[in-house]
Amino acid sequence: MGDVLGIGVSHYPPFSGNDADMANILRGRLKDPDIPAAAKDPAGWPVPMQTEWSTDNGAAAGTAHREAMLVGLRRVRQALDDFKPDFVVIWGDDQYENFKEDIVPAFCLHAYEDMRIHPWKHASASAMVGAKSQDQWGGGKPNVWGETAETSILVPGHPQGARHLASQLLLNEFDVAYAYKPLHHPGMAHAFLNAVLYLDYDRRGFPYPVVPFSINCYGRQVISYRGFISQWADRGRPLDPPSPSPRRCFDIGAAVARICRDSPWRVALLASSSWSHAFLVDKTWRMQPDVAADRALYQAMVAGDYPMWRNYSLEQVEESGQQELLNWFALAGAMDALKRRPTWSDFVETYVFNSSKVAAIFAPA
Ligand SMILES: [Fe+2]
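Residues numbered from 1 in each chain as written. Predicted model: local features only at pLDDT ≥ 70, side-chain atom pairs only at ≥ 80, totals over all residues. Heavy atoms only, no water.

Draft legend 1. How the structure looks around the overall build of the protein. Within the protein, the regular secondary structure consists of eleven helices and ten strands. Here the C-alpha radius of gyration of the protein, 19 Å, is about what a compact globule of 365 residues would show, namely 21 Å. Here the protein, with 365 residues, has 60% of them falling under the buried criterion. Relative to all contacts within the protein whose residues are 6 or more apart in sequence, the contacts with residues 24 or more apart total 81%. Of the side-chain charges in the protein, 35 are positive and 41 negative, and the distance between the mean point of each set is 2 Å. (Helix = DSSP H or I, 4+ residues; strand = E, 2+ residues; numbered from the N terminus. Rg over C-alpha atoms; globule rule 2.2 N^0.38 Å. Buried < 20%, exposed > 50% of the residue type's maximum accessible area, 1.4 Å probe, protein only. Contact = heavy atoms within 4.5 Å. Lys, Arg positive; Asp, Glu negative; His and termini not counted. Charge placed at Lys NZ, Arg CZ, Asp CG, Glu CD.)

Here it is in structure tokens:
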């Protein structure tokens, strides 16, 4: 009989860079000529946002933000080490990295063998390589560890576990796609890779086999806006079909939890993403994440109010820039199925660093 550990972390791309660049997404919005000056004026921002921005444009707050994120990342890593999983299923989004115009699956299990990955040589645009091409970095994205384009890591796979999950989901009428090798992006898209890199922040190695489980979180904006930041003037492009609904993500997560519980393996289920993303929140001129909406979902998660999660609509997700939270809807469904509440969790509130960062552990009894 298997066992399950539930966990969640952020894969915020600027976390892999330097503190002084941590607010670069907001800096980009400040340069968008079609966002009104009033929205850009710090005097009109919420007080906590003004405090973070301060007189150094968020540089000192960037250091504090890293420290706050590290608390959760290190706790979650410890929970993983204590649990000793046979493999880790990561729910993550693909931001126009592995899946492009030729195919966009709602859900896809990646039944990969062990892979040698070059995190910085192959960093994609949505992993915040920078405005220009990778060539400007000589093929390697600068990073807080000082690693180079030649740096590589071995990420073990668990194709047997991935095949089992896909098989059981299909037999349970969840029509999931599966893949044995990457399509467009060498290695893993940043939602999966950053989770591994960040959970190994202290560079002790990450020995656990990984089963990426991609969810098309960006839905209507995955191809049309390449699942990433756009200029205000770009609004009005023809949109793509939607993502799967929060309820469908919740339900597939519940099915995954039951399958893993009844399997021979110890499985960690990891949601990888930040919550509301400022650059997707039109009602704040893309200047601020929807902290209130995130707080409401967080409180429901802590209280075990899973019906609130299951009844959340896709319209609410899109209005609050919570597209990537669909990864957490899968985790919420899984934990509901196992009747778990967080045994530890943390909400890192921020306004200038694009997104709320939640870390959570749902340990077995
Ligand atoms: Fe992402």
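Back to the text.
Draft legend 2. Focus on the state of the cysteines. Under the defined criterion, the tally for this structure stands at zero disulfides. For the unlinked cysteine Cys108, the closest cysteine sulfur is that of Cys217, found at 13 Å. Cys108 sits in the buried class, given a relative accessible area of 2%. With no disulfide of its own, Cys217 has Cys249 as its nearest cysteine by sulfur position, at a separation of 6.6 Å. On the accessibility criterion, Cys217 (1% relative accessible area) is buried. (Disulfide = S-S within 2.5 Å.)

Draft legend 3. Examining the coordination of the iron ion more closely. Note on the iron ion: its protein donors are His11 (NE2), Gln95 (OE1), Glu324 (OE) and Glu324 (OE). The metal-donor distances range over 2.0 to 2.6 Å. For the iron ion, the four donor atoms in the first shell make angles of 50 to 148 degrees at the metal, a pattern classed as irregular. Taken in chain order, the donor set of the iron ion reads H-x83-Q-x228-E. You can see His11 sitting in the loop between strand S1 (3-9) and helix H1 (24-30) and its partner Glu324 sitting in the loop between helix H10 (314-319) and helix H11 (326-337), a full 313 residues away along the chain. (Donors = N, O, S within 2.8 Å, 3.2 Å for Na, K, Ca; no water. Tetrahedral: all angles 85-135°; square planar, octahedral: opposite > 155°, others 65-115°.)

Draft legend 4. Structural detail: a nonpolar patch on the surface. A cluster of nonpolar residues, Leu170, Tyr178 and Tyr180, forms a patch on the protein surface that exposes about 330 Å² of accessible area. Relative to the helices and strands, Tyr178 resides in strand S6 (residues 177-179). (Patch = residues over 30% accessible without salt bridge, like charges linked within 9 Å, V, L, I, M, F, W, Y side chains within 5 Å. Areas by Shrake-Rupley, 256 points an atom, 1.4 Å probe, with all protein chains shown as cover. Salt bridge = Lys/Arg side-chain N within 4 Å of Asp/Glu carboxyl O.)

Draft legend 5. Expanded view of the pattern of salt bridges. As enumerated under the stated definition, the model contains 17 salt bridges in all. Arg204 is the salt-bridge partner of Asp81, the closest N and O atoms lying 3.8 Å from each other. Within this pair, whereas Asp81 is found in helix H4 (residues 59-83), its partner Arg204 is found in the loop between helix H6 (190-199) and strand S7 (210-215), the two being separated by 123 residues in sequence. Across the pair Asp234 and Arg237 runs a salt bridge, and its minimum N-O distance is 3.3 Å.

Draft legend 6. Spotlight on the packing of aromatic side chains. Scanning all chains against the criterion turns up 20 aromatic pairs. Seen from their ring centres, Trp45 and Trp53 are 5.7 Å apart, and the 70 degrees between their planes marks the pair as edge-to-face. Here Trp45 and Trp53 have matching classes, each one buried. Ring centres of Trp275 and Tyr298 lie 6.3 Å apart, and the angle between their planes is 65 degrees; on these two criteria the pair is classed as edge-to-face. Of the two residues, Trp275 sits in the loop between strand S8 (266-272) and helix H8 (291-303) while Tyr298 sits in helix H8, which places them 23 residues apart along the sequence. Comparing Trp275 with Tyr298 shows no difference in burial state: the two are buried. Here a set of aromatic residues connected by ring pairs shows up, and it is made of Trp275, Tyr298, Trp309, Tyr312, Trp328, Phe329 and Phe347. We note Arg66 situated over the ring of Phe15; from NZ or CZ to the ring centre the distance is 5.0 Å. (Phe/Tyr/Trp six-rings, centres within 6.5 Å; stacked < 30°, edge-to-face > 60°. Lys NZ or Arg CZ within 6 Å of the ring centre and 35° of its normal.)

Draft legend 7. Quick look at helix H7 (residues 246-261). The first and last C-alpha atoms of H7 sit 23 Å apart over 16 residues, in line with the 22 Å expected at 1.5 Å per residue. For H7, the full list of buried residues reads Pro246, Cys249, Phe250, Ile252, Gly253, Ala254, Ala255, Val256, Ala257, Ile259 and Cys260. (Expected span 1.5 Å × (residues − 1).)

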